[in-house]
Amino acid sequence: MSDQTQTDTPPHDEITEQLGADEMSVDEGPGSPEGADDGSGGVDGAEEARLQALEREGDVAADYLEELLDIADLDGDLDMDVDGDRAAVSIVGADLSQLVGQRGEVLDALQELTRLAVYRETGERSRLMLDVSGYRADQRARLVALAQERRTMVFFESPHRLADALVDAAAAFGDSREAAVCRELTKTYEEIRRGPLAELAEWAAEGVRGEITLVVGGAPEVSVSLTGAELAAAVAEEEAAGATRKDAIRAVVVRTGLPRRTVYDAVLAAKSPSPEA
């Protein structure tokens, strides 16, 4: 094997001459080297190939799912799209709760079967996302609603869904939001992996085993500039909604990121009678 390698390798002088000729050809004229971007979209060739591969994944998945729906005598329309770096297929237009399950377990299994069908056809591992009756879209919307939550959040995930859950969390909270994946807590092979959500999603794509607890850091503090009167009005609004004074102040503290004392003093100042002119 080493002899073959030496035989196929050009002599050092020949390589040097070829490199020198290439450099001269680039310097001598304004034309772009062969294969480089000439402004006509050549640089997008790799991106176009990537999109075509993802679209093919969607087509293969749609054919598989259409056949499955026919066999099960179920109605539903198929929508195909590309979501970031993954193909996305949705079954819409019908109530198909039986394909979702109580907590999405049937949908997860169907997604894995669909990915296997794509792999069998293309020979490439698929990260295709499948949604049925908007179930995953609703889940993502709930995550987005937590984007400004400042308290640490804890989620319990199954190992085969962890990678998808991390991708959804990164989309909702931001790629750089700090998080930790805790595996087999309190057991012999306990493992905790920390990092930004995007990095954890890449790591989990290779597969993770065991009981999983996902811990996501709360939203960073945002400096809010409000007058004392505005703070007092915000507390009064919470009280009008039924909160106690203590809970109303806590709610405004969480929402604004301001010290509790600042909000409390604003409420006291609003309650104090104004000095006569």
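Structure: above.
Caption draft 1: The sheet that holds strand 7 (residues 212–216), seen in detail. If you trace the four strands from one edge of the open sheet to the other, you get 4-7-5-6, paired in antiparallel fashion. With one partner strand each, in any of the chains shown, strand 4 (153–157) and strand 6 (191–196) form the two edges of the open sheet. Each adjacent strand pair in this sheet contributes to an overall mean axis angle of 20°, direction not counted. Where strand 4 meets strand 7, five bridges bridge the pair, whose relative direction is antiparallel. Residue Glu157 lies in a different strand from strand 7, and its bridge partner there is Ile212. Packed onto the sheet, helix 6 (residues 162–173) meets strand 4, strand 5 (178–183) and strand 7 and runs at close to 10° relative to strand 7. Across the sheet, helix 7 (residues 197–204) lies against strand 5, strand 6 and strand 7, angled at about 130° from strand 6, the strand it touches most.

Caption draft 2: Seen up close, unusual backbone geometry. Its identity as a non-glycine residue notwithstanding, Ser133 has a phi of 55°, on the positive side. You can see Ser133 is positioned in the loop between strand 3 (129–132) and helix 5 (135–145). Residue class for Ser133 comes out partly exposed when judged on its relative accessible area of 36%. Its identity is not glycine, yet Thr186 carries a phi of approximately 65°, on the positive side. Residue class for Thr186 comes out exposed when judged on its relative accessible area of 74%.

Caption draft 3: Looking closely at the sheet that holds strand 3. Judged by pairing direction, the sheet is mixed, and its three strands sit side by side in the order 1-2-3 without closing on themselves. Whereas interior strands pair on both sides, the edge strands pair on one side only; in this sheet they are strand 1 (77–83) and strand 3. Each adjacent strand pair in this sheet contributes to an overall mean axis angle of 20°, direction not counted. As paired elements, strand 1 and strand 2 (residues 86–92) share seven bridges and run antiparallel to each other.

Caption draft 4: A look at the environment of Arg150. Along the chain, Arg150 turns up in the loop between helix 5 and strand 4. Within polar-contact distance, the side chain of Arg150 engages the backbone oxygen of Val253 at 3.4 Å.

Caption draft 5: The arrangement of the packing of helix 3 (residues 45–72) against helix 4 (residues 105–122) in detail. Where helix 3 meets helix 4, the axes come as close as 9 Å, and the angle between the chain directions of the two elements is 120°. The angle between the axes of helix 3 and helix 4 places the two elements in the oblique class. The handedness of the crossing between helix 3 and helix 4 comes out as right-handed. The residues of helix 4 that touch helix 3, namely those facing Arg56, Glu57, Val60, Ala61, Tyr64, Leu65 and Leu68, are Leu110, Leu113, Thr114, Ala117, Val118, Glu121 and Thr122. A breakdown of the residues in the contact of helix 3 with helix 4 according to their chemical character gives nine nonpolar, two polar and three charged.

Caption draft 6: View of the pattern of salt bridges. Tallying each qualifying case throughout the model produces 13 salt bridges. Ionic pairing is found between Glu239 and Arg245, a salt bridge with its closest N-O pair at 2.5 Å. The exposure class of Glu239 is partly exposed, given its relative accessible area of 24%. A relative accessible area of 36% places Arg245 in the partly exposed class. A single salt-bridge network, built from bridges that share partners, covers Arg86, Glu112, Arg115 and Asp164.

Caption draft 7: The environment of Leu214, seen in detail. Inspection of the secondary structure puts Leu214 in strand 7. Put simply, Leu214 and Ala179 are 35 residues apart on the chain and 7.3 Å apart in space, counted from C-alpha to C-alpha. Contacts of Leu214, omitting those with residues within four sequence positions, involve Met153, Val154, Phe155, Leu166, Ala179, Ala180 and Val181.

Procedures and definitions
- Residues numbered from 1 in each chain as written.
- Predicted model: local features only at pLDDT ≥ 70, side-chain atom pairs only at ≥ 80, totals over all residues.
- Heavy atoms only, no water.
- Pairing = 2+ DSSP bridges.
- Helix = DSSP H or I, 4+ residues; strand = E, 2+ residues; numbered from the N terminus.
- Axes fitted to C-alpha atoms, helices over the stretch in contact; angles between N-to-C directions.
- Contact = heavy atoms within 4.5 Å.
- Buried < 20%, exposed > 50% of the residue type's maximum accessible area, 1.4 Å probe, protein only.
- Polar contact = N/O pair within 3.5 Å; in protein donor to acceptor, adjacent residues only side chain to side chain.
- Parallel < 35°, antiparallel > 145°, perpendicular 65-115°, else oblique.
- Left-handed = near helix turned anticlockwise from the far one by under 90°.
- Nonpolar A, V, L, I, M, F, W, Y, C, P; charged D, E, K, R; others polar.
- Salt bridge = Lys/Arg side-chain N within 4 Å of Asp/Glu carboxyl O.

Note that every value here comes from positions in space, so none of it alone points to a role or purpose.
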